[in-house]
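In case you want the letters, here they are:
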Amino acid sequence: MPKRKLDPLPWAAFQILLALADEDRHGYGIMRQVEQQTDRRLRLGPGTLYGSIRTLLDEKLIVEVEPRGEAKAGEERRRYYRLTAAGRKLARAEAERLADLLRVARSKKILRGDYV
Amino acid sequence: MSEKIYAWLLRLYPSRFREEYGEAALELFRDRASAEREFFARVRLWLDLLRDLAVSLPREYGRGQPAFAATPANIRPSFYFAENGSPHAGALLTGALLSLIPVFALAIPFGQYRVPHLSFAPVRRPLYVRRSPLAGPAHKMPRRVNHPDGFQILPAVMLNVPQEPAEVPKLDAAERRRVVQTAVSDLKQHYVSPAVARKIADALTAHEKAGDYDGVTDGASFADLLTRQLQDVSRDLHLDVAYVSGGIPDRPIGPRPESTARYRQALEQENCTFEKVAILARNIGYLKINSFPDVAFCRQTATEAMTKLNGADATIFDLRDNRGGYREMVSLIAAYLFDHPEYLYSPRDLVTEESWTRSPVAGSRLADKPAYVLTSGRTASAAEQFSYDLKMLRRAIIVGETTRGATHSGVFYRIDEHFGIGIPEVKAINPYSQSDWAVVGVDPDVKVPAAEALDRAVQLAEGRLRK
């Protein structure tokens, strides 16, 4: 069995999966969503973004979809991406792994507060 | 602009990535660029992009072809194409040019390749070789040895120097050393200013010690290098080192009877370079003369021309294509313009009886008539003497461009079989100013482009005659 490219899941790929969790987005939309959900700490550049998207597509974690009905003129040719079931599952698994880590960190008194 | 830069940067990615996502990446850039217009936002954008390039480029290339990773070691080598499809014409051209660079980089130090220099030697009259220090490599020929009074224009046919030998010997360290040392001792002995000669000697010795001459195996290049260094130190464009591939005879080169005859024949064919003698409208005399030829051959032509102009009310001397010649001819023509012997200054010649014009010339009616001299950037040497002296004596109005700034180079010393050095030995005292026309040329009284000089001079003469 070939080694999986996304094991461990890269940070950028995980953020993209999360960004697509609530709705389909195009490249720029993903970039803005990632920026927002990381509190402006992560702005994906084109190379990283599309490199990750390609990998996620290869692994069938996301799929390309037709633009949404309400797309404005000029946006037709934009490619939209949607999370697949496998992608959602992987994102959840990754989140749980991080949650485990958090619990350990909290028990070791490394992290305080009411996080997960 | 910035979009173009980014589009160019995108070309760094593997072609597969570009084909699939190049347009999308560019669009993302456009979106961000239009949203982040403020200065700091722009800076942040570019920092993001550069960081993105640094991170994602290696990954995209590392992704490579799955086949690479799968190739097991220790079996016979196999080959894969990194790019699908054949390269386009631009890529082939770039590759060809890049592969030429190392070839030239290697060939030049080994002296196998020399950049061909363009020859600016006159095509119509190949018989005249200007001995100007400003002349290019095409004019590298020895001057006549110990010829104290001639200006630049020496007929090549009189030199009899064998040119273009079968093979050009390479310079070695010993010869370079010998050339430098002999040049230095010649300079100390003969150069007009001993102080400058010492400075030059120090500079050349320093260059030699610093190893600046190591690896110069081409005679002509070495001569050019030395010439440049001599002139850098002395600011004297008349100092120059010449390289003659055919060899310099070790006795003075004198004209042989048959070559003298050829020179004479050439002058006859060209009417002694007196191109045009005419009387223009309003009785203005016009003489276009393209050199000041040897009086020994051309006295009669010159006398006839001046006689033809004798009845004119004003005279225009057109020296725009005059590259120089003999001071005797300068003196002979200028003599018509004075009613008493006049001293004609020449920076590189000793003051002798010949320095005064033989004025008045019997029957000349030009001595009190206005005179104009047309000049161009090509006007050189003896023609500059003619212009300079008539200007300084306020005997003529110079119309046109600043002249070339050439005087003759003095005496030619043989260093060895191939090298020689031209050294100005004499500097006559200038009665008019500290400097002569060397290097800087003669400034016209009326500055107009050479092509318009004749019209302007005619205009000036007409205005003057109307009064």
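Residues numbered from 1 in each chain as written. Chains lettered and ligands numbered in written order. Predicted model: local features only at pLDDT ≥ 70, side-chain atom pairs only at ≥ 80, totals over all residues. Heavy atoms only, no water.

Engineer: In this structure, what is going on with the environment of Asp48 of chain B? I would like to understand it.
Structural biologist: Within the secondary structure layout, Asp48 of chain B lies in helix 3 (residues 39-63). Overall, Asp48 of chain B belongs to the buried group, its relative accessible area being 4%. If we skip the residues at most four places from it in the chain, Asp48 of chain B touches Arg43 of chain A together with Arg32 of chain B. Only 2.9 Å separates the side chain of Asp48 of chain B from the side chain of Arg51 of chain B, close enough to count as a polar contact. (Helix = DSSP H or I, 4+ residues; strand = E, 2+ residues; numbered from the N terminus. Buried < 20%, exposed > 50% of the residue type's maximum accessible area, 1.4 Å probe, protein only. Contact = heavy atoms within 4.5 Å. Polar contact = N/O pair within 3.5 Å; in protein donor to acceptor, adjacent residues only side chain to side chain.)

Engineer: How should the pairing of strand 10 (residues 419-423) of chain B be read in this particular structure?
Structural biologist: Consecutive residues of a regular strand have side chains that alternate between opposite faces of the sheet. Residues and elements named next belong to chain B. Here strand 10 lies mainly inside the structure; five of its five residues are buried. Along strand 10, one buried face is formed by Phe419, Ile421 and Ile423 and the opposite face, lined by Gly420 and Gly422, is buried too. Note that strand 3 (residues 240-243) and strand 10 share four bridges and pair antiparallel. Within strand 10, the position partnered with Ala242 by the bridge is Gly420. In the sheet, strand 9 (residues 411-414) pairs with strand 10 via four bridges, with the strands oriented antiparallel. By the bridge assignment, Arg414 is partnered in strand 10 with Gly420. (Pairing = 2+ DSSP bridges.)

Engineer: Help me understand the packing of helix 3 (residues 46-58) of chain A against helix 3 of chain B in this model?
Structural biologist: Close contact between helix 3 of chain A and helix 3 of chain B brings their axes to 7 Å; oriented N to C, the two are set at 35°. Of the residues in helix 3 of chain B, those touching helix 3 of chain A at Pro46, Gly47, Thr48, Gly51, Ser52, Arg54, Thr55 and Asp58 of chain A are Leu49, Asp52, Ser56, Arg59, Glu60 and Arg63 of chain B. When its residues are assigned to classes, the contact of helix 3 of chain A with helix 3 of chain B shows two nonpolar, six polar and six charged. (Axes fitted to C-alpha atoms, helices over the stretch in contact; angles between N-to-C directions. Nonpolar A, V, L, I, M, F, W, Y, C, P; charged D, E, K, R; others polar.)

Engineer: Would you mind going over the interface of chain A and chain B with me for this structure?
Structural biologist: For an interface, size is often stated in terms of accessible area lost upon the parts coming together. Contact residues are listed per partner, giving 25 residues for chain A and 24 residues for chain B. Each partner contributes to the roughly 2100 Å² buried at the junction of chain A and chain B, and carbon and sulfur atoms together form 47% of this total. The interface formed by chain A and chain B contains five salt bridges. Residues Arg32 of chain A and Glu36 of chain B are paired through a salt bridge, measuring 2.8 Å at the closest nitrogen-oxygen approach. Scanning the region where chain A abuts chain B turns up eight residue pairs in polar contact (both at pLDDT 80 or more). For the side of chain A that touches chain B, the secondary-structure elements that each account for two or more residues are helix 2 (27-37) and helix 3 of chain A. If you tally residues by element for the side of chain A that touches chain B, the top one is helix 3 of chain A, at 12 residues. Residues belonging to the side of chain A that touches chain B are distributed by class as follows: nine nonpolar, seven polar and nine charged. (Buried area = accessible area lost by both parts, 1.4 Å probe. Salt bridge = Lys/Arg side-chain N within 4 Å of Asp/Glu carboxyl O.)

Engineer: Is there a simple way to explain the sheet that holds strand 8 (residues 397-400) of chain B in this structure?
Structural biologist: Strand pairing within a sheet occurs via backbone hydrogen bonds; the two strands may be parallel or antiparallel. Residues and elements named next belong to chain B. Spatially, the six strands line up as an open sheet ordered 4-5-6-7-8-11, and their pairing is mixed. The open sheet has two edge strands, strand 4 (274-280) and strand 11 (446-447), and neither has a second partner. Where strand 7 (residues 371-375) lies against strand 8, four bridges are found, and the strand directions are parallel. When the sheet's bridge partners are listed, Thr375 is paired in strand 8 with Gly400. Against the sheet, helix 12 (residues 382-392) contacts strand 6 (314-318), strand 7 and strand 8, and its axis sits at roughly 140° relative to strand 7. Across the sheet, helix 13 (residues 450-466) is in contact with strand 4, strand 5 (284-289), strand 6, strand 7, strand 8 and strand 11; its angle to strand 7 comes to roughly 170°.

Engineer: Quick question: what am I supposed to make of a nonpolar patch on the surface here?
Structural biologist: Where nonpolar side chains cluster on the molecular surface, the patch consists of Leu93, Leu97, Leu100, Val103, Phe104 and Ile108 of chain B and spans about 550 Å² of accessible area. If you trace the backbone, Leu100 of chain B turns up in helix 5 (residues 89-107). (Patch = residues over 30% accessible without salt bridge, like charges linked within 9 Å, V, L, I, M, F, W, Y side chains within 5 Å. Areas by Shrake-Rupley, 256 points an atom, 1.4 Å probe, with all protein chains shown as cover.)

Engineer: Honestly, the nonpolar core in this entry has me stumped. Any pointers?
Structural biologist: A general trend in soluble globular proteins is that nonpolar side chains are found buried together. Counting 41 residues, the largest nonpolar core has Leu17, Ile30, Tyr50 and Ile53 of chain A as the members making the most contacts within it. At the level of secondary structure, the elements contributing two or more residues to this core comprise helix 1 (11-19), helix 2, helix 3, strand 3 (80-83) and helix 4 (85-107) of chain A together with helix 1 (2-10), helix 2 (15-35) and helix 3 of chain B. The contact partners of Leu17 of chain A, leaving out residues within four places of it in the chain, are Leu9, Leu56, Leu61, Ile62, Leu83, Gly87, Leu90 and Ala91 of chain A. (Core = buried A, V, L, I, M, F, W, Y, C linked by side-chain atoms within 4.5 Å.)

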